[in-house]
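Observations on chain architecture
Residues per chain are reported as follows:
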Amino acid sequence: MKVKVRVVPDGRHLEVEAGVKALDLLKLAGMNSESGVVLVNGRPVTEDYRIREGDEVTVVRVLSGG
Amino acid sequence: MAKCSICGGPAVAYIRYQRRYLCDRHFVEYVESKIRRAISRYKMIRQGYRVLVPVSGGKDSATVLTALSKLSREFGFEVVALHIDLGIGDYSVKSKEASIKAANKLGVPLIVVSVKEITGYTIPELARKARRPVCSVCGLVKRYIINLVAVELGADAVALGHNADDLAVYSMKSFITQDLSNISKLGPKTESIKGLAVGRIRPLYEVYEKESYLYALLTETPFLHEECPNVDFSSMENRLKVHINSLEEEKPGVKITMLRNMAKRIRDYPKPQLPISRCRHCGLLSSGDECSFCRLTKRITGQPLGPRAREVVRSLVASLQLAPRQDSAYKS
Ligand SMILES: [Zn+2]
Ligand SMILES: [Zn+2]
């Protein structure tokens, strides 16, 4: 099953298979464990969390420009 | 799902360089203990201090504001927040809203200074008129207003929101360009110059950018996720951030090691050789007889606007009705 992922702040959308790890999701979105955070239903999850069907997933790039 | 290494509750973060999982509550405590340690280790704040926290509406200043307002009771200091309305369209409207919400939530007095009210122009308009890059004009105006408000408040320190990632890349950039005297300004704290400038402290000196984001999120401090529309993601700073963070992923702790060592060696870097004098218009810090804010505004409007800025800020400060601080060494 595919799960929709919103990427913030770019506003992009990705689709991934359920079961993918949060860390791999960060890499798919072009980030790593330091530069991004995965939120599931608005709450941060650790890198080894596996995305489930029905999760509302957001990947946030935490590096701000300056 | 991973469990908190302290209490076994559901983990929200993994601290790579400590190999620890932390839950919501223990993560917040962990960031606060880092800030508390940095304040003591680098002697940033003493009892009875009045600390000015400039808030942009972004995550880092939100984190500084929340953490300092909590720690202010423990250390016995006072916190005042400042938001500068830059007039950068919708972004500034939302930034101001987030800053007001955060200050209200924490019960911290807030001063809002509008660049347009002082100069008659927004930041993008000032930049166009001066034919200068918008970020350089913005930086100049913000630095001036922050220092001005701090002086008028009789503040003892200005708490900036630079996190460990910011400071690591600023110093790397300065090393690459061999602007070594700039590194001397990137330490955890800079000193005040009586009557002219209030010293700056960096409570997030050892807090990673990701930790700062998570702290603001988990403490439910209102902040804006959006970036300023003028941010250039191809700038050297932003490219270096990507590189240092892939290094950090491979070698956890490299950023913190770099910054701790930098703090120890900061005195070995050459100090900028700029002369310290007083602006003949506004009386604040300048390197010649005219400060850069008065020079810029004189070029654009025909009038140096430092004195007008002081007037506006003085009445904003008075309307806060804070306890007077005659004893402060920094009041001019
Ligand atoms: Zn815990
Ligand atoms: Zn001046």
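Below is a summary of the structure that appears in this document. All figures in this text were calculated on a predicted structure; none of them were measured in a lab. Per chain, the residues get numbers from 1 upward, laid out in the order the sequence is written. Ligands are numbered from 1 and chains lettered from A, in the order in which they are written. Thresholds applied to this predicted model are a pLDDT of at least 70 for local features of residues and 80 or more for the giving and counting of side-chain atom pairs; totals over whole chains, interfaces and linings are not thresholded and use all residues. The side-chain values count all of the structure's non-hydrogen atoms but skip hydrogen atoms and water molecules.

Quick word on the packing of helix α1 (residues 24-41) of chain B against helix α2 (residues 59-75) of chain B
Residue and element names in this part refer to chain B. The condition that has to hold: All axes here are fitted lines through C-alpha atoms, helices being fitted over the stretch that makes contact, and every angle between N-to-C directions spans 0 to 180 degrees. Put simply, DSSP marks the helices as runs of H or I at least four residues long and the strands as runs of E at least two long, and each gets a number from the N terminus on. Roughly parallel here means an angle under 35 degrees, roughly antiparallel means over 145, roughly perpendicular means 65 to 115, and every remaining angle is called oblique. The hand of a helix crossing depends on one turn: near helix anticlockwise from the far one by less than a right angle means left-handed, and clockwise means right-handed. Two residues qualify as a contact provided that any one of their heavy atoms is within 4.5 Å of a heavy atom in the partner residue. Three categories are distinguished: nonpolar for Ala, Val, Leu, Ile, Met, Phe, Trp, Tyr, Cys and Pro, charged for Asp, Glu, Lys and Arg, and polar for the others, with Gly belonging to the last.
Following both chains from N to C, one finds α1 and α2 inclined at 60°, their axes separated by 11 Å at the closest point. Between α1 and α2, the angle is such that the two are oblique. Where α1 crosses over α2, the handedness of that crossing is right-handed. Residue-level contacts link Val-28, Glu-32, Ile-35, Arg-36, Ile-39 and Ser-40 of α1 to Ala-67, Leu-68, Lys-70, Leu-71, Glu-74 and Phe-75 of α2. Considering only residue class, the contact of α1 with α2 consists of seven nonpolar, one polar and four charged.

Comments concerning the interface of chain B and chain A
Applied cut-off: Once two parts are joined, some of their accessible surface, as seen by a 1.4 Å probe, is lost; buried area is that loss totalled over both. Just to be clear on terms, a salt bridge is a Lys or Arg side-chain nitrogen sitting within 4 Å of an Asp or Glu carboxyl oxygen. The term polar contact refers here to a pair of N or O atoms within 3.5 Å; inside protein, the definition further demands a hydrogen-donor-capable atom paired with an acceptor-capable atom, and it admits residues adjacent in sequence only when both atoms are side-chain atoms.
Counting residues at the interface gives 32 residues for chain B and 25 residues for chain A. Across the chain B/chain A interface, buried area totals approximately 2,300 Å², and carbon plus sulfur atoms make up 52% of it. Three residues stand out in chain B for area buried against chain A, namely Lys-210, Tyr-213 and Glu-249 of chain B, and they jointly supply 24% of the buried area on that side. Run the count over chain B and chain A and you get five salt bridges. Scanning the region where chain B abuts chain A turns up ten residue pairs in polar contact (both at pLDDT 80 or more). Listing elements by their share of the side of chain B that touches chain A, those giving two or more residues are β1 (11-15), α2, α9 (209-218) and α10 (236-250) of chain B. For the side of chain B that touches chain A, the element with the highest residue contribution is α10 of chain B, accounting for seven residues. Taken together, the residues of the side of chain B that touches chain A break down into 14 nonpolar, five polar and 13 charged.

Brief notes about the layout of surface pockets
Which entries qualify depends on this criterion: Only protein atoms enter the 1 Å grid used here. Points where a 1.4 Å probe fits but cannot escape make up a cavity, open sets with protein on both sides within 12 Å along at least five of seven lines make up a pocket, and a residue lines them when an atom lies within 4 Å of a point. Grid points are joined across faces, edges and corners, and a volume is the space filled by probe spheres set on the points.
By volume, the second largest pocket amounts to about 360 Å³. If you trace the second largest pocket, you find 19 residues lining it, with Gly-30, Ser-35, Arg-61 and Leu-63 of chain A together with Val-242 of chain B closest to the centre. Ranked by residue count, the leading element in the lining of the second largest pocket is α10 of chain B, at seven residues. Broken down by class, the residue content of the lining of the second largest pocket amounts to five nonpolar, seven polar and seven charged.

Brief notes about the coordination of the zinc ion (ligand 2)
Residues and elements named next belong to chain B. Condition: Metal sites are built from N, O and S donor atoms within 2.8 Å, or 3.2 Å for Na, K and Ca, and they leave out water, so they may look incomplete. Geometry is assigned from the angles between donors: four donors with all angles from 85 to 135 degrees make a tetrahedral site, four or six donors whose opposite pairs exceed 155 degrees while the rest stay between 65 and 115 make square planar or octahedral sites respectively, and everything else is labelled irregular. Each residue gets one of three labels from its accessible area relative to the maximum for its type: buried under 20%, exposed over 50%, partly exposed in between, using a 1.4 Å probe on protein chains only.
Every protein donor of the zinc ion (ligand 2) is accounted for by Cys-279 (SG), Cys-282 (SG), Cys-291 (SG) and Cys-294 (SG), and the metal-donor separations fall at 2.3 to 2.4 Å. One way to put it: the four donor atoms around the zinc ion (ligand 2) meet at angles of 103 to 118°, and that makes the site tetrahedral. The sequence pattern formed by the donor residues of the zinc ion (ligand 2) is C-x2-C-x8-C-x2-C. Separated by twelve residues along the polypeptide, Cys-282 in the loop between β8 (277-278) and β9 (285-286) and Cys-294 in helix α12 (residues 292-301) bring together distant segments of the chain. The same class applies to Cys-282 and to Cys-294, which are both buried.

Concerning the sheet that holds strand β5 (residues 110-114) of chain B
Residues and elements named next belong to chain B. Defined as follows: Strand pairing is assigned whenever DSSP identifies at least 2 bridges connecting the two strands.
Read across the open sheet, the five strands follow the order β5-β4-β3-β6-β7; overall the sheet is parallel. Among the strands making up the open sheet, the edge pair consists of β5 and β7 (200-201). Pairing between strand β3 (residues 50-54) and strand β6 (residues 157-159): two bridges, direction parallel. Looking across to β6, one finds that Val-51 is bridged to Ala-157. Most of the contacts of α2 go to β3, to which it runs at about 160°, and overall it touches β3, β4 (78-85) and β6. Together, β3, β4, β5 and β6 form the strand contacts of helix α6 (residues 134-153), whose direction differs from that of β4 by roughly 145°.

Here's the deal with the environment of Val-80 of chain B
Residue and element names in this part refer to chain B. With respect to the helices and strands, the residue Val-80 is situated in strand β4. With relative accessibility at 0%, the residue Val-80 sits in the buried group. A C-alpha to C-alpha distance of 15 Å links Val-80 and Gly-199, two positions 119 residues apart in sequence. Residue contacts for Val-80: discarding those within four places in its chain leaves Arg-50, Val-51, Leu-52, Val-53, Val-108, Pro-109, Ile-111, Leu-153, Leu-320 and Leu-322.

Regarding the coordination of the zinc ion (ligand 1)
Residues and elements named next belong to chain B. Looking at the zinc ion (ligand 1), the protein donor atoms are Cys-4 (SG), Cys-7 (SG), Cys-23 (SG) and His-26 (ND1), and they sit 2.0 to 2.3 Å from it. One chain supplies every donor to the zinc ion (ligand 1), and in sequence these donors are spaced C-x2-C-x15-C-x2-H. Of the two residues, Cys-7 sits in the segment before β1 while Cys-23 sits in strand β2 (residues 20-23), which places them 16 residues apart along the sequence. Given a relative accessible area of 44%, Cys-7 falls into the partly exposed group.

Any link to function would need more than the numbers given here.
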